[in-house]
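# What the coordinates show
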Amino acid sequence: MAEMENYGNGESEQVKYVTEEYRNLLHEAMLLNEDDKTGRENIQHISSLMCKADHLIKDVQNLNNTIGLLDAKVISIGSSVLKRTAEAVNANLFSFTAEEYSDNIISYLKQEPSVTNNIKLICQKLAPIAAKCFCRTPSYMYMLGTFQVGEVAVTQKKARKQREKQEEGSRKQPENVERIEKQEDGVEETVHYIMNVVTAAYRQNKNKPISYFELVINPDSFGATVENIFHVSFLVKDGYIDFSWDENRFPVIAPARRDVIENRKKYDQTRQQMVLEIDMNQWEELKNTFAIRRAMLNPRNITAAQDSHH
Amino acid sequence: MASQSSQGSKLSSQEQSALISDIVLYILSQDHTKYPIKRQDIVKNVLKTHGRHYKHIMNEAAHVLTEIFGMKLVEIEHSSNMKQYILVNNEQFLRDVSDLKWPEEVEAQQVLLMLLLSLIFMSGGVVKEEVMSSFLTRLGIMNGRKSHEYFGDVWKLLTVEFVRQMYVEYVRIPESNPPKYEFRWGHRAKGEVSRRELLNFVSLVYGCDPKNWVTQYQEVLQAESEKEKKREEDGK
């Protein structure tokens with residue numbers, strides 16, 4: 001054999017050579033494995049490979065790891081090829097092949113007189129034979145078995161819906177806050193507007209106090225009247241308007257003088273408070289007594305008043 | 001008394017029989033998917049805090065299943081820490097009641113299983129996936145990945161559903177690159193399927209005597225004697 005000629009050229013040379021030879025053997029074995037053949041030649045090929053390997057390893061004095069690993073690999077692949085070959089041989093005893101089997105099944109099914117080319121019918125024909133092969137247990141179902149599962153699913157759905165709603169609510173929130181601020185601004189604007197009306201009316205009345213009820217009462221709306229009273233009370237409280245009685249013991253008001261207002265702010269004297277009670281009947285009565293036909297204060301004019309300010 | 005004993009190590013006979021019947025009902029209801037029933041799930045869903053009585057109660061439940069329902073509870077050692085069970089029906093009972101009617105879906109799956117399990121059995125226990133797919137294609141059952149009008153998606157049944165139900169094992173051939181797969185019998189097939197009936201079907205198709213298949217017939221006899229031995233052991 002070829003490898004014998006090089007024998008004796010020193011240990012390292014020999015190791016190199018044996019490793020190289022083993023690599024070749026491994027390569028051949030892998031080719032065989034990939035070939036996937038199970039014939040007689042295959043077995044002979046493998047046995048010659050094994051013989052070569054045996055021969056090589058006999059001459060090696062110092063086994064190193066590389067040769068050991070290569071040897072193990074050659075044997076592992078060789079045995080897996082042999083195993084496959086053995087399995088094939090075993091089945092070949094009465095020459096069973098998948099092709100023949102499938103052909104026989106088809107021709108068997110076509111023999112049956114009632115069977116046509118309909119695949120479904122053919123398969124159904126096999127069902128009773130197939131059932132005999134299995135010891136299958138029949139399915140066992142509770143009549144109430146699914147109820148619990150249903151309930152769980154429903155509660156899950158509800159929870160999801162609630163979450164969505166909350167998200168929508170939080171998105172709207174910033175808008176709401178803005179609106180509230182606007183309303184608060186509105187109160188201030190209204191109070192300003194009333195102050196302007198009072199001042200104007202005072203001047204028109206030749207700097208004499210004006211009738212409180214004539215200012216406040218809105219002949220068309222009790223609600224607007226109450227609102228006016230409420231707004232004027234702010235002015236009274238903060239000292240912008242002086243409150244007094246006329247000769248008939250009716251309340252009259254006049255804008256306070258500027259220096260008086262500033263003095264009040266500085267020394268923080270006791271504040272004036274106005275408590276007034278009014279109901280629908282009194283409102284009607286006052287309306288008739290003062291013969292009020294038109295409201296002096298009209299909240300809808302506020303925007304117009306604002307425009308004139310700017 | 002009853003509440004005391006549940007905390008202690010012993011169960012009252014009432015509690016014990018309640019747990020046994022719960023387990024029997026649980027196994028019967030879980031069986032309809034044909035997936036194996038895990039020990040873990042039985043403990044979690046039925047026994048709960050009585051886990052330490054598992055072995056005793058399971059033995060009793062298996063006894064009830066055999067004596068009353070005529071079914072055998074087969075334990076599968078999947079790995080050391082994961083026990084699984086499958087239910088197998090009584091062979092004798094099925095032979096006596098031959099007109100048991102299965103739903104169409106089950107019928108179709110049984111036909112398919114008979115064909116592929118017999119192929120594996122006749123081929124010596126292993127079939128490569130290429131052989132399997134060409135076999136089914138030749139029979140007109142499989143056409144690429146197209147869904148069959150009677151069987152449905154055959155390849156998915158083979159490689160997913162039947163594997164989960166433990167009728168077949170679909171495993172990679174070691175050291176194959178690119179990966180190649182092969183089919184073998186699964187645990188349920190070993191417990192549920194009669195090799196003799198499969199061989200009878202093959203012989204019917206070939207028009208020959210079952211004894212002509214020497215190797216396979218030997219295997220039938222061997223499997224039957226093993227089953228007989230096991231039955232005697234269980235009986236004692």
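Residues numbered from 1 in each chain as written. Chains lettered and ligands numbered in written order. Predicted model: local features only at pLDDT ≥ 70, side-chain atom pairs only at ≥ 80, totals over all residues. Heavy atoms only, no water.

## With respect to the sheet that holds strand β2 (residues 241-245) of chain A
Residues and elements named next belong to chain A. Taken in spatial order, the 3 strands line up as β1-β3-β2 in an open sheet, and their pairing is antiparallel. In this open sheet, the two edge strands, each paired with only one partner strand, are β1 (210-211) and β2. Bridge count between β2 and strand β3 (residues 251-255): 5 bridges; the pairing is antiparallel. Along β3, the bridge assignment pairs Phe243 with Ile253. (Pairing = 2+ DSSP bridges. Helix = DSSP H or I, 4+ residues; strand = E, 2+ residues; numbered from the N terminus.)

## Focus: the sheet that holds strand β4 (residues 127-128) of chain B
All names here are of chain B. With antiparallel pairing, the 3 strands of this open sheet are ordered in space as β4-β6-β5. Looking at the sheet topology across the chains shown, the edges are occupied by β4 and β5 (168-172). Here β5 pairs with strand β6 (residues 181-185) via 5 bridges, running antiparallel. Bridging across to β6, Arg172 finds its partner in Tyr181. Helix-sheet contacts for helix α6 (residues 104-122) involve β4, β5 and β6, and the interaxial angle to β6 is about 95°. (Contact = heavy atoms within 4.5 Å. Axes fitted to C-alpha atoms, helices over the stretch in contact; angles between N-to-C directions.)

## Section: the interface of chain B and chain A
Each partner contributes residues to the interface: chain B has 54 residues there, and chain A has 42 residues. Taking both sides of the interface into account, the surface hidden between chain B and chain A amounts to around 4700 Å²; carbon and sulfur atoms contribute 66%. At the junction of chain B with chain A, the criterion picks out 1 salt bridge. Seen at the junction of chain B and chain A, the total is 10 residue pairs in polar contact (both at pLDDT 80 or more). Counting residues per element, the ones that place at least two in the side of chain B that touches chain A are α2 (13-30), β3 (82-89), α5 (91-96), α6, α7 (129-138) and α10 (195-206) of chain B. Examining the composition of the side of chain B that touches chain A, we find that 12 residues originate from one element, α6(B), more than from any other. In terms of residue class, the side of chain B that touches chain A is built from 31 nonpolar, 11 polar and 12 charged. (Buried area = accessible area lost by both parts, 1.4 Å probe. Salt bridge = Lys/Arg side-chain N within 4 Å of Asp/Glu carboxyl O. Polar contact = N/O pair within 3.5 Å; in protein donor to acceptor, adjacent residues only side chain to side chain. Nonpolar A, V, L, I, M, F, W, Y, C, P; charged D, E, K, R; others polar.)

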